[in-house]
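Structural overview
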Amino acid sequence: LNKNSNNILNCKLKYIHFDNYEIDAWYKSPYPSQYNNNSIIFICPHCLTYFNSSFTLNQHLTKCSFKTQPAGREIYRDSKENISVFEIDGRKNVIFCQNLCLLAKLFLNSKTLYYDVEPFMFYVLYDFSSLTSFKFVGYFSKEKLNSTGYNLSCIMTLPIYQRRGFGNFLIDFSYLLSKREFKLGTPEKPLSDLGLLSYRNYWKLSVIREIYKLLFKTDDKLKFNKVITNVKDSQLKEINISIDDLSNLTGMCHNDVIFALEQLHSLITYKYDDKKINKFALIFNPTLVKQLYTTWVKKTSVKLNNDYLIWKPII
Ligand code: ACO
Ligand code: ZN
């Protein structure tokens, strides 16, 4: 493989052919130089290998082993939604992970990882609704050893699958892994515009889900022993919960919890002790919490079910 970054400049690639779709490339990606003159490449939807023509792709499809058995280990399966997640080690499946990064780069402006995949784990979402094959939908990568608190390095949903909740699912998945590791996490920066939009939406939703449980589900109220009191305005309720609690419940680092609380206008300051000391409080409007929560529940998009994850952290 040619690692020369000039490939990126010379690349004339405009589209990819993927599972009967022609998808526009948003950015350039350093595919090997022999593909530089192609305006289209043909990508196997199972193993992500790239080909010059539909003929060579079709020849490959007759024998692609990833069709029925993707690389790595299946750690999540939702048989109703027909989706599944595989954990793939960049050290053990170098070629697949490089193919994945080259494909992802077509939709990412800033991230520069293509060939040095060994330090990463890849969590790949597949659609198996056809029942006979696994098709790539999206993924995120995560550094195996990191001291920085990042729980996600790079995320991408193929454009043909975007705005259907898969990005949200993958983000939720990354925080579920953090919770299983008893860690708090945050995505690697900088975020792309779409990354930022998706995370802002997720952080808000994630906090709302926890507050909803506390306000409306008796079991959780008892479990966390939180006091809920009515204040003057009957529309408002004050919950005794800290930012620490919310971080532990969501797996989100403090800054991201605070960001979500600010978006929800839930973080307020008030004067304490004869108005000498400024204190912070969290205020939630139950009507709004219920409305945001039920809107999310009603969305037809796929939701993460914690019970389906069979996974233990790498030691
Ligand atoms: N316009 C406005 N809001 C958007 C858009 C958009 N195009 N895309 C996502 N959002 C917001 C919305 O709030 C959306 O919720 P809604 O559809 O209910 O309104 C929410 O994000 C989540 O949308 P999903 O459907 O769950 O996410 P999707 O599957 O589309 O994937 C992703 C999001 C992964 C960021 C996708 O847009 C993508 O692959 N983009 C290209 C690669 C990229 O930029 N990755 C992030 C880089 S940063 C990083 O890796 C750390
Ligand atoms: Zn293949």
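Up top you'll find the structure we're talking about.
Residues numbered from 1 in each chain as written. Chains lettered and ligands numbered in written order. Predicted model: local features only at pLDDT ≥ 70, side-chain atom pairs only at ≥ 80, totals over all residues. Heavy atoms only, no water.

**Points about unusual backbone geometry**
We apply this condition: Only DSSP runs of H or I reaching four residues or more are called helices, and only runs of E reaching two or more are called strands; each is numbered from the N terminus. Between buried and exposed lies partly exposed: a residue is buried under 20% and exposed over 50% of the maximum accessible area for its type, with that area taken using a 1.4 Å probe on protein chains only.
Following Lys189, the chain continues to Pro190 via a peptide bond in cis, the omega torsion being 0°. In this fold, Pro190 is placed in the loop between strand E11 (186-187) and helix H5 (193-216). Of note in this structure, Arg163 is not a glycine but carries a positive phi near 60°. Relative to the helices and strands, Arg163 is located in the loop between strand E10 (154-157) and helix H4 (166-180). Even without a glycine there, the phi angle at Phe182 is positive, about 55°. Topologically, Phe182 is positioned in the loop between H4 and E11. The exposed category is assigned to Phe182, whose relative accessible area is 78%.

**Points about the layout of surface pockets**
The following threshold applies: Residues are said to line a cavity or pocket when one of their atoms sits within 4 Å of a point; the points come from a 1 Å grid over protein atoms alone, cavities being sets where a 1.4 Å probe fits but cannot get out and pockets being open sets with protein on both sides within 12 Å along at least five of seven lines. Grid points are joined across faces, edges and corners, and a volume is the space filled by probe spheres set on the points. Under this grouping Gly is polar, as are all residues other than the nonpolar Ala, Val, Leu, Ile, Met, Phe, Trp, Tyr, Cys and Pro and the charged Asp, Glu, Lys and Arg.
Roughly 1200 Å³ of volume is contained in the largest pocket. For the lining of the largest pocket, the element with the most residues is H5, which contributes eleven residues. Looking at the lining of the largest pocket residue by residue, the class counts come to 24 nonpolar, 15 polar and ten charged.

**Some remarks on the site of ligand 1**
As a reminder of what qualifies: Any residue with a heavy atom lying within 4 Å of a molecule or strand is counted as near it. N or O atoms closer than or at 3.5 Å make up a polar contact, with two conditions inside protein: a donor-capable atom paired with an acceptor-capable one, and, for residues adjacent in sequence, both atoms drawn from side chains. Areas reported as accessible are Shrake-Rupley estimates using a 1.4 Å probe. Residue values count occlusion only from the protein chains shown. Assignment to a cavity or pocket requires that more than half of a molecule's atoms be within 2 Å of the site's grid points.
Looking at ligand 1, there are 26 residues lining it, with Ile155, Gly165, Asn168, Ser192 and Lys299 nearest. Backbone polar atom of Gly165 to an oxygen atom of ligand 1: 2.8 Å apart, as the coordinates give it. The contact in question runs from an oxygen atom of ligand 1 to an N or O atom on the side chain of Ser198, over 3.4 Å. Here ligand 1 loses 85% of its free accessible area of 980 Å² to cover by the protein chains. At a threshold of 2 Å from the grid points, most atoms of ligand 1 map onto the largest pocket. Elements with a minimum of two residues in the shell around ligand 1: E10, H4 and H5. Ranked by residues supplied to the shell around ligand 1, first place goes to H5 with five residues. For the shell around ligand 1, the residue count by class is eleven nonpolar, ten polar and five charged.

**Regarding the packing of helix H7 (residues 243-250) against helix H8 (residues 254-263)**
Applied cut-off: Convention adopted: a line fitted to C-alpha atoms gives each axis, helices being fitted over their contacting stretch, and angles between N-to-C directions are expressed from 0 to 180 degrees. Oblique is the label for any angle not under 35 degrees, not over 145, and not in the 65 to 115 range, which are roughly parallel, roughly antiparallel and roughly perpendicular in turn. Every residue pair with non-hydrogen atoms within 4.5 Å of one another is taken to be in contact.
Interaxial distance between H7 and H8 falls to 9 Å at its minimum, and their mutual angle equals 105°. With respect to their mutual orientation, H7 and H8 come out roughly perpendicular. Within the contact between the two elements, H7 uses Ile243, Asp244, Leu246, Ser247 and Thr250 and H8 uses His254, Val257, Ile258 and Leu261. For the contact of H7 with H8, the residue count by class is five nonpolar, three polar and one charged.

**Side note on the coordination of the zinc ion (ligand 2)**
Put simply, the test is: Keep in mind that water is not among the atoms, so a site may look incomplete; donors are the N, O and S atoms within 2.8 Å of the metal, or 3.2 Å for Na, K and Ca. Each label reflects the angles at the metal, where four donors whose angles all fall between 85 and 135 degrees are tetrahedral, four or six donors whose opposite pairs open beyond 155 degrees and whose other angles stay between 65 and 115 are square planar or octahedral respectively, and the rest are irregular.
Surrounding the zinc ion (ligand 2) are the protein donor atoms Cys44 (SG), Cys47 (SG), His60 (NE2) and Cys64 (SG), at 2.0 to 2.3 Å. Here the zinc ion (ligand 2) binds four donor atoms, and the angle range of 101 to 116° at the metal identifies the geometry as tetrahedral. Mapping the donors of the zinc ion (ligand 2) onto the primary sequence gives the spacing C-x2-C-x12-H-x3-C. His60 gets classed as buried once you look at its relative accessible area, which sits at 14%.

**Regarding the packing of H4 against H5**
What counts is decided by this rule: In a left-handed crossing the near helix is turned counterclockwise from the far helix by less than a right angle, and in a right-handed crossing that turn is clockwise.
Orientation of H4 relative to H5, taken along the N-to-C sense of each, is 60°, at an axis distance of 10 Å. With respect to each other, H4 and H5 are oriented oblique. Relative to H5, H4 is oriented so that their crossing is right-handed. When H4 is examined against H5, the residues Asn168, Ile171, Asp172, Ser174 and Tyr175 are found in contact with a partner set consisting of Ser198, Tyr199, Asn201, Tyr202, Trp203, Leu205 and Arg209. A class-by-class count of the residues in the contact of H4 with H5 yields six nonpolar, four polar and two charged.

**Here's the deal with the sheet that holds strand E7 (residues 120-127)**
Rules: Here, a strand pair is defined by DSSP locating no fewer than two bridges between the strands.
As summarised here, the arrangement of the five strands in space is E5-E6-E7-E8-E10, forming an open sheet in which the pairing is antiparallel. Looking at the sheet topology across the chains shown, the edges are occupied by strand E5 (73-78) and E10. Averaged over all pairs of adjacent strands, the angle between their axes in this sheet comes to 15°, without regard to strand direction. Examined bridge by bridge, E5 and strand E6 (residues 83-89) share five bridges and lie antiparallel to one another. Looking at E6, one finds that Tyr76 is bridged to Val85. On top of the sheet, H4 reaches E5, E6, E7, strand E8 (135-143) and E10; it is set at about 35° to E8, its chief contact.

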